[in-house]
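Residue-level listing of the chains:
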Amino acid sequence: MGIRVLKSAFAVIAAIYISLAVGLTSPLSAGLLAIMGVDVTIKKGLSTSFQRIAASVIGLFFASGLFWALGFHVWVIGVFVLVLYPVLAQLQLREGIITCSVVMFHVYGAGKLSTDLLLNEIALLVIGLGTATVINMVYMPREHKNLQHYRRKVEELFSQIFMEISRHLRNNAYVWSGAELLQAEDTLRDAIRTAERTEQNSIVSGGPAWSVYFHMRDRQLLSISRMTQLVARVYQTLPHGELVAAVFDELKEDVKVDHYTGRGEKRLEELQEQYRHMPLPVTREEFEIRAALLQLVEELKAYLDVAKREKRPVEKAGPGA
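Overview of the structure. Please read these numbers as outputs of a predicted model, since none were measured by experiment.

**Quick word on the overall build of the chain**
The helix and strand inventory of the chain stands at twelve helices and two strands. In sequence order, the secondary structure elements of the chain are arranged as α-α-α-α-α-α-α-α-α-α-β-α-α-β. Within the chain, the fraction of its 321 residues that count as buried is 46%.

Listed below in structure tokens is the structure:
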């Protein structure tokens, strides 16, 4: 049984009992409103509850005015829909169209207008949607453990990918299936969805940091995908590839570190300086492979630039990049 179903059940029971306790007419309507008010996230629940209350109050007074001026006829309901629905859409209150219709039908069903009727409808709205909002805020699934799991899994997959790239650069006969790349894509897609849901359930703070982290990894994964395409063009083992492989050996450890130290960036600068002092290629094949390796270095720099912008600066005792 889903958590939303359980919350809906509690909200219905609470709303009906409260309505009965205060002596409202049609207390079951509060239960219906409570069902509509239960949502998947706190922020969305607050937003939709506001829209529904605002739209319903507007609909209540508009319906009262229409029935007072034109009488309690079925065709007046059509006028209500034709006039009010576009207005609510323009006011960004679309979520409240159904609840305002429920209120309108209550007024029509009463067949007369009175202050008690209006107050009763407003009270039903407040109790029904208010109860749902409170239950939404009291309990929402905590995703922290799932997010930690996703983080560890993404970092392990990145580390494995870097190891596979390093192995190919040292031995071009080695063939990698690329399975970890596909797993990383799937894991990041689930992680981003979970992080966004957590952010929607975080009124003050705590969710946005996860979204930033996983979006950072998603951008880095694009660089990694381009790296693998370049590595596929390295069909001979060269000393230049050995030097790049050493950088990937470091990155497979650094990817698990919280802080950015610039170690990988410095290592690439040293590598490029070494390249400048190495002999020029003597064959076309060597030229093509070294060109791919040079592009690979540029992609590595793009990968590290993302981490440099998003990761925290290094702390005194912290290793990594």
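Read on, since the account is not over.
**Comments concerning a nonpolar patch on the surface**
Judged by side-chain polarity, I3, L6 and F10 come together as a nonpolar surface patch covering roughly 270 Å² of accessible area. For F10, the location among the structural elements is in helix α1 (residues 3–21). Take F10: its relative accessible area is 56%, and that puts it in the exposed class.

**Re the side chain of S211**
By the element assignment, S211 lies in helix α9 (residues 208–231). For S211, the residues in contact, after removing those within four places along its chain, are A195, E196 and E199.

**So, the packing of aromatic side chains**
Under the criterion given, the structure shown has seven aromatic pairs. Where W210 meets F214, the ring centres are 5.8 Å apart and the plane angle is 15°; that geometry is what we call stacked. Taken together, the residues span about one helical turn, with W210 and F214 both in helix α9 at a distance of four residues. Neither W210 nor F214 differs from the other in exposure class; each is buried. Where Y213 meets F214, the ring centres are 5.0 Å apart and the plane angle is 75°; that geometry is what we call edge-to-face. F214 sits in the buried class, given a relative accessible area of 0%. One aromatic cluster in this structure is built from F67, F72 and Y108. In this structure, R151 is placed above the aromatic ring of Y213, and the distance from its NZ or CZ to the ring centre is 4.7 Å.

Criteria and thresholds
Residues numbered from 1 in each chain as written. Predicted model: local features only at pLDDT ≥ 70, side-chain atom pairs only at ≥ 80, totals over all residues. Heavy atoms only, no water. Helix = DSSP H or I, 4+ residues; strand = E, 2+ residues; numbered from the N terminus. Buried < 20%, exposed > 50% of the residue type's maximum accessible area, 1.4 Å probe, protein only. Patch = residues over 30% accessible without salt bridge, like charges linked within 9 Å, V, L, I, M, F, W, Y side chains within 5 Å. Areas by Shrake-Rupley, 256 points an atom, 1.4 Å probe, with all protein chains shown as cover. Salt bridge = Lys/Arg side-chain N within 4 Å of Asp/Glu carboxyl O. Contact = heavy atoms within 4.5 Å. Phe/Tyr/Trp six-rings, centres within 6.5 Å; stacked < 30°, edge-to-face > 60°. Lys NZ or Arg CZ within 6 Å of the ring centre and 35° of its normal.

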